[in-house]
Each structure stands twice: as C-alpha cells, then as structure tokens.
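One-letter residues, chain by chain:
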Amino acid sequence: MLTAFALAAAGFLAAGPPAAAADADLVRNGGFEAGLDGWTCSAGSGAVVTTPVHSGSSALRATPAGQDNARCSQSVTVKPDSAYTLAAWVQGAYVYLGASGTGTTDVSAWTQTPGTWKRLTTTFRTGPSTTSVTVYTHGWYGQPAHLTDDLTLVGPDPGGPGQPQPPAAPTGLTASATSSSSVSLHWSAVPGATSYTVHRDGAAPFSVTSAAAAVTGLAASTTYTFRVSAVNAAGESPKSAPASATTTGGGGGGGGGLPAHALVGYLHASFANGSGYVRMADVPASWDVVNLAFGEPTSVTSGDIRFRLCPVAECPNVETEAEFKAAIKAKQAAGKKVLISIGGQNGQVQLATTAARDTFVSSVSRIIDEYGLNGLDIDFEGHSLSLATGDTDFRAPTTPVIVNLISAVKTLKAKYGPDFVLTMAPETFFVQLGYQYYGSGPWGGQDPRAGAYLPVIHALRDDLTLLHVQDYNSGSIMGLDNQYHSMGGADFHIAMTDMLLTGFPVAGDTARVFPALRPEQVAIGLPATTNAGNGHTPPAEVNKALDCLTKKQNCGSYQTHGTWPGLRGLMTWSINWDRFGGWEFSRNFDGYFGG
C-alpha cells in the first residue's frame with residue numbers, strides 16, 4: 001500500500017532541463033552549512049549532522065515520530081509564469097522532495113536509498129500570479145531518519161524592485177514571568193510579517209500570528225532566554241535581540257515535607273519473593289519515602305482495594321499488626337513518609353464506572369486511616385489504563401477509567417488536605433512513548449495504552465508530589481533528540497528524565513505539548529539489583545545520570561534541554577532487593593547526596 005500510494009503521489013524521478021544562463025539557485029542554506037537557518041522542521045524533527053554528508057561539512061537529518069513524517073520546508077520567492085528545477089541529494093528508506101503552492105500542479109519525487117546518496121529532481125512551472133512556493137523534504141511514518149543535502153531550486157531570479165522580501169527583525173521584545181511555569185512575551189509588530197517564530201534555547205521553536213506569545217510548561221525558579229523572528233512568504237527575518245525572564249517559585253503539589261533530595265523505595269509488605277521479608281522497623285533511615293507494596297483490588301473492575309500484611313506461612317518473620325503500625329509511627333516521627341501503593345504488576349485496577357470510583361475512594365481511605373499513612377502511590381500497570389478510540393487529547397480525556405481515576409484522586413487529596421503525599425510510578429510505555437504514539441492513534445490500530453498516563457499526570461500535576469517513572473522493564477524509547485535510547489546506562493535515564501523536565505509534543509503534535517514538570521516533582525526509577533528487574537544500572541552510571549541532569553556534566557552524547565539541581569532524587573524497586581544486594585543502591589545515593 002505504501003509503494004502504491006507513494007507512486008501515485010510522488011510524481012517522477014528524472015533529470016530536469018539545463019538551467020538558463022540567467023537562472024539562479026534561490027534556496028537559502030540548501031547545504032545546511034548554517035545549521036537549520038531558513039528551514040522549519042515539523043515537531044522538532046530536524047537536526048544538522050556532520051556525517052554522513054554529500055558535500056561540504058553538514059547535512060540535514062530528520063526523524064519521523066508518531067504521526068509526524070519529519071517535514072522540513074522553506075518558503076522561496078519565485079517569478080510568476082516561470083520554469084524551475086528542484087533537486088536534492090538524499091539518503092534513507094523513504095525520502096520525498098517536493099514543491100507546493102506553485103499555482104499550477106504541485107510536484108514531488110521520492111526514492112528508497114538507505115545507506116547511499118541519490119539525487120532526486122523534479123520540475124514545475126509557476127502560475128501567472130505566483131510569487132512564492134514552499135519547497136520541502138520529508139520521510140515516512142514509522143521509518144528511520146533520512147538525510148538531505150545540497151537542495152537547490154534553480155530558475156529565473158525574481159530580483160528587482162517590487163518583489164517580496166523577508167520582513168525586518170522584530171524589535172522591543174520583552175519577557176515577564178506570569179507564574180512558576182509560564183512567561184509572557186510581547187514585541188513590536190513588523191510591517192509585512194504574516195507570522196512570528198518564537199525561539200528558546202534548547203527547545204523547538206513555535207509559531208504565533210500576533211506580536212505576543214504565552215510560553216508554558218516551564219520549570220519553576222528558572223531563567224529562560226527568548227528571541228523572535230518575523231515570517232512572510234518571502235522568508236524569515238533575522239532573530240530579535242534576546243529577552244530573559246525568571247519563573248517564580250514552584251507551587252501546587254509541593255514537596256510533601258520531603259528533603260531536597262529524597263530516596264524512595266517499595267517495601268514488599270504483603271507478599272514474599274526471593275528477596276526476603278523486611279520488617280518496617282528494620283528499614284534503614286536512608287529511605288525518605290516507603291511505599292507499601294501493594295494494595296490490590298478484589299477484582300479488576302470493583303475499585304475495592306484491600307491491603308494485608310504478608311501471611312506468616314509466606315513470611316515467617318513478619319511482625320504483628322500492632323508492631324507494624326508502631327513502626328510506621330516511628331518512621332513518621334523521624335520525618336519519613338509511608339504510603340500505600342496501589343496496583344503493581346499483578347494488581348490490575350480499572351475504574352470503569354462511577355460506582356467503582358467511589359468504592360476506590362472509600363476503600364483506599366480505610367487503608368490510609370487504619371495504618372495512619374501519609375498518602376498514596378499510584379502504580380497502575382498492565383491493562384489498568386488505556387485510552388478509548390477517539391480520546392486523542394491528553395488535556396481533555398474522555399475515557400471512563402482515566403476520568404474516574406483523576407476524580408478519585410482529587411477527592412482523596414481534598415479529604416486529607418495539603419499534606420497528602422501523592423506519587424506515581426508509571427512505566428515508560430505509558431509516559432515517554434507518548435512522544436511518538438498516543439492511544440490507538442487518529443486512525444486506530446495502535447496500542448491504546450501508549451501514553452495513557454499522560455492525562456492523569458497532567459490533570460493532577462498541581463496535586464502531584466513526585467513522579468518516578470520506571471526506567472526499567474522497558475523497550476527502547478525515542479528521546480527528544482529523536483534517537484532511540486535503551487535501558488541499563490546513564491544515557492537512558494538522562495533522555496527519559498529530560499523529557500519530563502522539558503515537556504514534549506504528544507504524538508508529535510506541536511499544538512498538544514505535555515508541559516514540563518517541576519524538577520522537585522521528578523525522581524528517577526531504577527531496579528536495586530540485577531534480580532529486581534531488567535535494566536539494572538550500575539552505580540557509576542547512576543551517578544553519571546545525576547551529574548548530567550543536576551550539573552550538566554558527564555552527559556555523554558545526549559544534550560539536555562536544561563540543568564536541574566533541584567531534581568528530587570531516586571526511586572527503586574525495591575527496599576527488599578536493595579538489602580538482598582548489600583544495600584548498594586541506598587549507600588550509593590547517600591554517598592552522592594551526602595546522606
């Protein structure tokens with residue numbers, strides 16, 4: 001089907017006519033020697049690389065993601081009723097070259113040439129009143145990155161007076177913080193501009209149509225620098241002088257009384273496995289948050305959550321209920337937090353009805369009250385959360401299991417007040433995979449669980465104390481550099497955490513950006529030992545990830561979009577496995593943060 005569609009839409013692959021003597025190459029920066037100057041790439045898909053190149057020192061590398069085909073384009077001023085030849089050297093599985101807005105018949109060409117440079121070319125004639133066209137290159141959905149170099153558009157130079165010209169650079173840019181996560185920008189309107197592009201260091205540019213913009217999804221207490229360029233059919237202006245603003249201090253979910261850098265661990269309180277049972281009183285003081293694993297439902301859809309200590313038959317050294325409760329109070333007296341964690345690998349929870357939602361609230365409340373706990377950890381895995389067909393906007397979910405979970409947690413938060421600690425431990429499939437895929441997609445067929453935690457996190461971000469995504473038991477995930485990252489080393493944790501602290505377009509849609517979380521809301525989730533889960537990371541690699549994210553040191557090849565010394569800390573599965581491993585994980589944490 002792809003080949004048939006491509007052949008129908010692509011036009012042809014052939015040599016164009018020789019250029020006339022007065023012809024000129026009208027494309028700006030077609031060899032990408034000046035970076036992406038003059039080019040706009042969808043969803044931040046484009047980057048300039050130094051190898052491989054066809055000529056010179058640079059080439060364009062663009063990577064499709066989700067519903068985005070990595071389209072990079074440029075508006076070029078042309079002469080009406082004139083013949084032009086468009087050409088480029090390309091490399092990739094599926095690469096397209098085309099021109100739109102010609103005023104006659106828009107054209108494109110395509111080829112399959114992985115690993116080898118090949119010249120694509122096509123010709124067109126402009127309409128009698130056409131003064132600009134858009135030239136572009138793009139790949140294909142779900143395919144690897146493609147390369148483009150030496151892109152040219154040769155034909156009559158419009159030149160002369162009266163021809164469209166790019167607008168002047170904007171002036172008078174001001175930036176002011178409006179909250180802990182947003183900045184307001186204003187500048188003087190530019191005559192002849194039809195839109196403006198807002199640039200922020202380390203972030204994908206975005207377009208607006210008026211001389212003002214609201215930038216959201218920023219981190220608290222952080223300084224950001226902005227520039228603006230003006231755009232019309234003739235091209236883009238130089239960037240304005242910079243303007244900076246510092247966001248205000250963070251509000252919302254708060255730290256829940258946690259230290260600046262916290263260690264979070266799961267305690268196998270209700271079951272036994274090869275790691276052995278650890279009594280609450282024997283949990284070392286290194287652990288700032290202890291999540292009781294697990295509260296589980298009586299059935300998948302009941303919403304009725306139950307918790308009990310591990311039976312003596314399974315855990316011969318289990319303490320009594322009274323001893324357990326006394327140990328919890330002693331931990332809390334020492335400043336520690338103890339939460340009930342709901343779900344886990346075997347505890348599927350689907351709040352498909354309002355009755356299940358209400359039962360969830362009442363049953364979780366009973367557990368919190370019975371044991372005097374500080375709050376709730378949501379560890380919904382497997383098929384607990386998925387998105388219904390047609391539920392495509394994480395900002396306004398409609399799927400009952402999503403809507404009811406959000407409502408239930410907000411009810412619990414309201415009941416227990418501002419000191420209620422709320423944490424979440426989703427898998428990467430439910431969060432970072434949302435950069436590429438969200439639910440079943442606009443045409444169906446995708447896994448409906450992809451990105452399904454995003455609406456929950458977003459709706460509860462003002463109540464959320466801590467998000468610690470499980471950077472383990474994961475497949476390779478695409479980062480904001482549009483490269484795939486695999487678990488087990490510093491690179492994976494750097495890329496996955498950068499996504500949470502920078503924000504990202506969901507399913508590649510730049511109109512639907514998941515805003516950044518505050519650094520104090522984020523911890524990195526890892527397995528304590530090789531026995532605890534796939535993707536164990538050696539302590540030296542854990543420290544490299546922390547160095548990169550908090551100090552911008554030891555980052556390797558990945559370039560983060562900021563530096564976050566306020567990153568909250570680490571989470572591990574589990575306290576029991578850490579004891580099994582000689583407390584290596586917690587001792588490394590203490591050594592790094594000086595605990």
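The structure displayed is predicted, hence computed values, not measured ones. (Residues numbered from 1 in each chain as written. Predicted model: local features only at pLDDT ≥ 70, side-chain atom pairs only at ≥ 80, totals over all residues. Heavy atoms only, no water.)

Participant: Explain the overall build of the protein here, please?
Facilitator: Within the protein, the secondary structure is distributed over nine helices and 30 strands. In terms of overall size, the protein behaves like a compact globule, its C-alpha atoms giving a radius of gyration of 27 Å where 595 residues would be expected to give roughly 25 Å. Along the longest, intermediate and shortest principal axes, the C-alpha atoms of the protein span 95 × 50 × 45 Å. Taking all 595 residues of the protein together, the buried fraction comes to 55%. Considering only residue pairs separated by 6 or more positions, the protein has 73% of its internal contacts joining residues 24 or more positions apart. Entry remark: accessible area of the protein is about 22,600 Å², with carbon and sulfur atoms responsible for 53%. The average position of the 34 basic charges and that of the 44 acidic charges among the side chains of the protein differ by 3 Å. (Helix = DSSP H or I, 4+ residues; strand = E, 2+ residues; numbered from the N terminus. Rg over C-alpha atoms; globule rule 2.2 N^0.38 Å. Buried < 20%, exposed > 50% of the residue type's maximum accessible area, 1.4 Å probe, protein only. Contact = heavy atoms within 4.5 Å. Areas by Shrake-Rupley, 256 points an atom, 1.4 Å probe, with all protein chains shown as cover. Lys, Arg positive; Asp, Glu negative; His and termini not counted. Charge placed at Lys NZ, Arg CZ, Asp CG, Glu CD.)

Participant: How do you make sense of the packing of helix H6 (residues 490–502) against helix H7 (residues 539–551) when you look at a structure like this?
Facilitator: The relative placement of two packed helices is expressed as an angle between their axes plus a distance between the axes. It is the contact of H6 with H7, at a shortest axis distance of 8 Å, that shows an interaxial angle of 35°. The element H6 and its partner H7 pack so that their crossing is right-handed. Here Ala490, His493, Ile494, Thr497 and Asp498 of H6 come into contact with H7, specifically with Glu541, Lys544, Ala545, Cys548 and Leu549. Its residues assigned to classes, the contact of H6 with H7 shows five nonpolar, two polar and three charged. (Axes fitted to C-alpha atoms, helices over the stretch in contact; angles between N-to-C directions. Left-handed = near helix turned anticlockwise from the far one by under 90°. Nonpolar A, V, L, I, M, F, W, Y, C, P; charged D, E, K, R; others polar.)

Participant: Explain H7 here, please?
Facilitator: An α-helical turn contains 3.6 residues, so a residue and the one three or four places further along point in the same direction. With 13 residues, H7 should reach 18 Å at 1.5 Å per residue; the first-to-last C-alpha distance of 17 Å fits that figure. Buried within H7 we find Val542, Asn543, Ala545, Leu546, Asp547, Cys548, Leu549 and Thr550. Looking at the buried side of H7, the elements it contacts are H6, strand E29 (523–527), strand E30 (569–573) and helix H9 (584–593). Phi turns positive, to about 55°, at Lys552, one or two residues after H7. (Expected span 1.5 Å × (residues − 1).)

Participant: I keep staring at empty space enclosed by the protein and nothing clicks. Help me out?
Facilitator: Which parts of space are left empty comes out when a probe the size of a water molecule is rolled across the atoms. The final tally for this structure, using the stated rule, is two cavities of 30 Å³ or more. In this structure, the largest cavity occupies an estimated 60 Å³ of space. If you trace the largest cavity, you find it lined by Pro527, Ala528, His536, Thr537, Pro539, Val542, Glu584, Phe585 and Asn588. Among the secondary structure elements, those contributing two or more residues to the lining of the largest cavity are H7 and H9. With three residues, H9 is the largest single contributor of residues to the lining of the largest cavity. Taken together, the residues that form the lining of the largest cavity break down as five nonpolar, three polar and one charged. Of the pockets and cavities examined, the second largest cavity occupies roughly 40 Å³. Every residue lining the second largest cavity is listed: Gln432, Val469, Asp471, Met496, Thr497, Leu500, Val522, Ala523 and Ile524. Every element with two or more residues in the lining of the second largest cavity is listed here: H6 and E29. Looking at the lining of the second largest cavity residue by residue, the class counts come to six nonpolar, two polar and one charged. (1 Å grid on protein atoms, 1.4 Å probe; cavity = no way out; pocket = protein on both sides within 12 Å on 5 of 7 lines; lining within 4 Å. Points joined across faces, edges and corners; volume = space filled by probe spheres on them.)

Participant: Could you clarify how one ought to interpret the nonpolar core in this entry?
Facilitator: General note: in soluble globular proteins, nonpolar side chains tend to be found buried as a group. Counting 114 residues, the largest nonpolar core has Leu292, Phe360, Leu376 and Met424 as the members making the most contacts within it. Residue contributions to this core peak at eight residues, all from H6. In contact with Leu292, other than residues within four places in its own chain, are Leu267, Ala269, Met280, Phe307, Phe324, Val338, Leu339, Ile340, Ser341 and Leu373. Formed by 26 residues, the second largest nonpolar core is a distinct cluster that contains Ala70, Leu97, Val133 and Leu153. (Core = buried A, V, L, I, M, F, W, Y, C linked by side-chain atoms within 4.5 Å.)

Participant: Just checking my understanding: could you explain the confidence of the model for the protein for this structure?
Facilitator: Detailed reading of the predicted model is not advised wherever pLDDT is low. Per-residue pLDDT for the protein has a mean of 89; in total, 93% of the residues score no lower than 70. Here residues 1–21 is a poorly scored stretch, pLDDT under 50, and it has 31 contacts once near neighbours within four places are set aside; other chains count. (pLDDT = per-residue confidence, 0-100.)

Participant: Teacher, can you tell me more about the layout of surface pockets here?
Facilitator: Of the volumes computed, that of the second largest pocket is approximately 370 Å³. Elements with a contribution of two residues or more to the lining of the second largest pocket: strand E19 (289–297) and E30. Considering only residue class, the lining of the second largest pocket consists of eight nonpolar, six polar and four charged.

Participant: Looking at this model, I keep getting lost on the environment of Thr392. Mind explaining?
Facilitator: Turning to its location among the elements, Thr392 is positioned in the loop between strand E22 (375–380) and helix H4 (400–416). Between the C-alpha atom of Thr392 and that of Ala233, which follows or precedes it by 159 residues, the distance is 32 Å. Residues within four places of Thr392 in sequence aside, it is in contact with Tyr438 and Arg512.

Participant: Help me out: how do you make sense of the state of the cysteines in this one?
Facilitator: Where two cysteines share a covalent bond between their sulfur atoms, that bond is called a disulfide. Tallying each qualifying case throughout the model produces three disulfides. Bridging Cys41 to Cys72, the disulfide has an S-S length of 2.1 Å. Between Cys41 and Cys72 the disulfide shows an S-S torsion of about 115°. By sign, it is right-handed. Taken as a pair, Cys41 in strand E2 (residues 40–41) and Cys72 in strand E5 (residues 72–77) lie far apart in primary sequence, 31 residues in all. Each member of the pair, Cys41 together with Cys72, is buried. (Disulfide = S-S within 2.5 Å.)

Participant: Please explain the sheet that holds strand E10 (residues 174–177) as it appears in this structure.
Facilitator: Within a sheet, each strand pairs with its neighbour through backbone hydrogen bonds, oriented either parallel or antiparallel. Reading across from one edge, E10-E11-E14 is the order of the three strands in this open sheet, with antiparallel pairing throughout. One side of each edge strand has no neighbouring strand; the edge strands of this open sheet are E10 and strand E14 (212–215). Within this sheet the neighbouring strands show an average axis-to-axis angle of 15°, counted without direction. (Pairing = 2+ DSSP bridges.)

Participant: Any chance you could explain H6 here in plain terms?
Facilitator: Taking 1.5 Å per residue, 13 residues should reach 18 Å; H6 reaches 18 Å between its end C-alpha atoms and fits that length. Counting buried positions over the 13 residues of H6 gives 12, a clear majority of the element. Within H6, burial applies to Ala490, Phe492, His493, Ile494, Ala495, Met496, Thr497, Asp498, Met499, Leu500, Leu501 and Thr502. Those residues of H6 that are buried lie in contact with strand E24 (466–467), strand E25 (477–478), strand E26 (484–485), strand E27 (504–506), E29 and H7. Positioned one or two residues after H6, Gly503 has a phi angle of 90°, which is positive.

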